[in-house]
Amino acid sequence: MKTLLAEKAELIDQSVDAMKTHLVATERPLREKVALTCRILFTHGHDSGLAGQITARTETPGRYLTQRLGLGFDEITPANLLEVDEDLVVMAGDGMANPANRFHSWIYRARADVNCIVHTHPMHASALSLLERPLKVAHMDSCMLYDEVSFLARWPGVPVGNEEGELIASVLEHRRAALLAHHGLVIAARSVEEACVLAVQVERTARMQLLAEAAGEIRDIDPALAREAHDWILQPTRSRATFDYFARRALRELPF
């Protein structure tokens, strides 16, 4: 075996390079990726009536794609998405955006690295938020969230005002996610694919936490190993491949 005496770091680097070659993502227009994210999150328990929003930067500065208020996640298609400006004025499409999208503009202004925002009220993350308890990352799969999830302990009410936007944007800081007490989750990611995958994992991690805490005390994991696993899992190549898998599953259940 040529790899028998190789160091772990060397093996990781070799695997990362191989994934870049073999995990070739499906090329999709932005509208399709946003619509697919809605379908994927619906199939993973993120639906809550008309609550929740997904936005993504377009190529035009200050403009974003989002879903139309009045449609559920399972009803979103590339054709019925809206293009809006920072004031939620519809620039293309029919209908209105969710007024709660306002806080997204604050995040985009503060974070040039963010290209997609997901805000949902899934059952287990929302249940954890009722306890005013931060998300606990202590499982291999959850390590993509290690040091990535802020916690907003004070519920600001309906997030349609500028104060709420400032508050949510400030609690995120440099991180990709936040759990909002008495509310739900928000993801601020580099791509639509990454945002979708992170949102699915936050809900799954919240569910694991509630199950584990019902049985005993969650044990912490080594920070260095958690960081290693974070970097291993949260690669753009893996995020795109995972998104493609979720999309295939969602489209079997909810085809466009």
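Residues numbered from 1 in each chain as written. Predicted model: local features only at pLDDT ≥ 70, side-chain atom pairs only at ≥ 80, totals over all residues. Heavy atoms only, no water.

Caption draft 1: A look at the overall build of the protein chain. Per the secondary structure count, the protein chain includes eight helices and eight strands. Expected size for 256 residues packed as a compact globule is a radius of gyration near 18 Å; at 18 Å, the protein chain falls within 12% of this value. If one aligns the C-alpha atoms of the protein chain with their principal axes, the spans along those axes are about 60 × 40 × 35 Å. Counting all 256 residues of the protein chain, 46% fall into the buried class. Accessible surface computed for the protein chain: about 12600 Å², of which carbon and sulfur atoms make up 54%. For the protein chain, the distance from the average position of its 28 positive side-chain charges to the average position of its 35 negative side-chain charges is 3 Å. (Helix = DSSP H or I, 4+ residues; strand = E, 2+ residues; numbered from the N terminus. Rg over C-alpha atoms; globule rule 2.2 N^0.38 Å. Buried < 20%, exposed > 50% of the residue type's maximum accessible area, 1.4 Å probe, protein only. Areas by Shrake-Rupley, 256 points an atom, 1.4 Å probe, with all protein chains shown as cover. Lys, Arg positive; Asp, Glu negative; His and termini not counted. Charge placed at Lys NZ, Arg CZ, Asp CG, Glu CD.)

Caption draft 2: Quick peek at the sheet that holds strand E2 (residues 63-66). Read across the sheet, eight strands follow the order E4-E3-E2-E1-E5-E8-E7-E6 without closing on themselves; strand pairing throughout is mixed. Here the strands that pair on one side only, and so sit at the sheet edges, are strand E4 (90-92) and strand E6 (149-152). Taking the axes of each pair of neighbouring strands and ignoring which way they run, one obtains an average angle of 25° across the sheet. (Pairing = 2+ DSSP bridges. Axes fitted to C-alpha atoms, helices over the stretch in contact; angles between N-to-C directions.)

Caption draft 3: Structural view of the state of the cysteines. Counted according to the given criterion, the structure contains zero disulfides. Here cysteine 38 is not cross-linked by a disulfide; its sulfur's nearest cysteine counterpart is in cysteine 196, at 9.2 Å. Cysteine cysteine 196 is unpaired, with the sulfur of cysteine 116 as its nearest cysteine sulfur at 8.4 Å. Take cysteine 196: its relative accessible area is 0%, and that puts it in the buried class. (Disulfide = S-S within 2.5 Å.)

Caption draft 4: Focus on the pairing of strand E7 (residues 177-180). Side chains of E7 alternate between two faces, with Ala177 and Leu179 and Ala178 and Leu180 buried alike. Across four bridges, the pairing between E6 and E7 is parallel. Residue pairing for E7: phenylalanine 151 is matched across the bridge by leucine 179. As for the winding sense of the linkage, the β-α-β connection from E6 through helix H5 (residues 162-172) to E7 is right-handed. Of the pairings in the sheet, the one linking E7 to strand E8 (residues 184-189) comprises four bridges and is antiparallel in character. Bridge pairing in E8 places leucine 180 opposite glycine 184. The antiparallel hairpin formed by E7 and E8 contains three residues in its connecting segment, where histidine 182 sits at a positive phi of about 60°. (Right-handed = clockwise from strand over helix to strand, strands pointing away.)

Caption draft 5: Representation of the UniProt feature "domain: Class II aldolase/adducin N-terminal" (unreviewed entry) in the protein chain. Within the UniProt annotation, "domain: Class II aldolase/adducin N-terminal" (unreviewed entry) is assigned to residues 32-210. The annotated region residues 32-210 carries 33% helix and 20% strand content, and the separation between its end C-alpha atoms amounts to 34 Å. (UniProt positions renumbered as here; feature names shortened; annotations may be inferred.)

Caption draft 6: Representation of the layout of surface pockets in the model. Taken as a whole, the largest pocket encloses approximately 340 Å³ of empty space. What lines the largest pocket is a set of 16 residues, among which Met144, Val197, Gln201, Thr242 and Phe246 lie closest to the centre. Residues belonging to the lining of the largest pocket are distributed by class as follows: six nonpolar, five polar and five charged. Reported here for the second largest pocket is a volume of approximately 190 Å³. Leu135, Lys136, Val137, Tyr146 and Asp147 are the residues nearest the centre of the second largest pocket, which is lined by 13 residues in total. (1 Å grid on protein atoms, 1.4 Å probe; cavity = no way out; pocket = protein on both sides within 12 Å on 5 of 7 lines; lining within 4 Å. Points joined across faces, edges and corners; volume = space filled by probe spheres on them. Nonpolar A, V, L, I, M, F, W, Y, C, P; charged D, E, K, R; others polar.)

Caption draft 7: Main features of helix H7 (residues 223-233). Among the residues of H7, those classed as buried are Ala226, Ala229, His230 and Ile233. Along H7, the residues classed as buried sweep out an arc of 105° about the axis, all on the same side. By the N-cap criterion, in which a side-chain oxygen at the helix start approaches the backbone nitrogen of a residue two or three places on, H7 is capped by aspartate 222, the distance to alanine 224 being 2.9 Å. (Arc of directions from axis to C-beta. Polar contact = N/O pair within 3.5 Å; in protein donor to acceptor, adjacent residues only side chain to side chain.)

Caption draft 8: Representation of the packing of helix H2 (residues 30-43) against helix H6 (residues 192-215) within the structure. Where H2 meets H6, the closest approach of the two axes is 10 Å, and the angle between their N-to-C directions is 5°. Considering the angle they form, H2 stands roughly parallel to H6. Contact residues: Leu30, Lys33, Val34, Thr37, Ile40 and Leu41 in H2; Val192, Glu193, Cys196, Ala199 and Val200 in H6. Taken together, the residues of the contact of H2 with H6 break down into eight nonpolar, one polar and two charged. (Parallel < 35°, antiparallel > 145°, perpendicular 65-115°, else oblique. Contact = heavy atoms within 4.5 Å.)

Caption draft 9: Seen up close, the environment of valine 118. Locating valine 118 in the fold gives a position in strand E5 (residues 116-120). On the accessibility criterion, valine 118 (0% relative accessible area) is buried. C-alpha separation for the pair valine 118 and alanine 79, spaced 39 residues apart in sequence, amounts to 19 Å. When neighbours within four sequence positions are excluded, valine 118 is seen to be in contact with Thr37, Leu41, Gln53, Ile54, Leu185, Val186, Ile187, Ala195 and Ala199.

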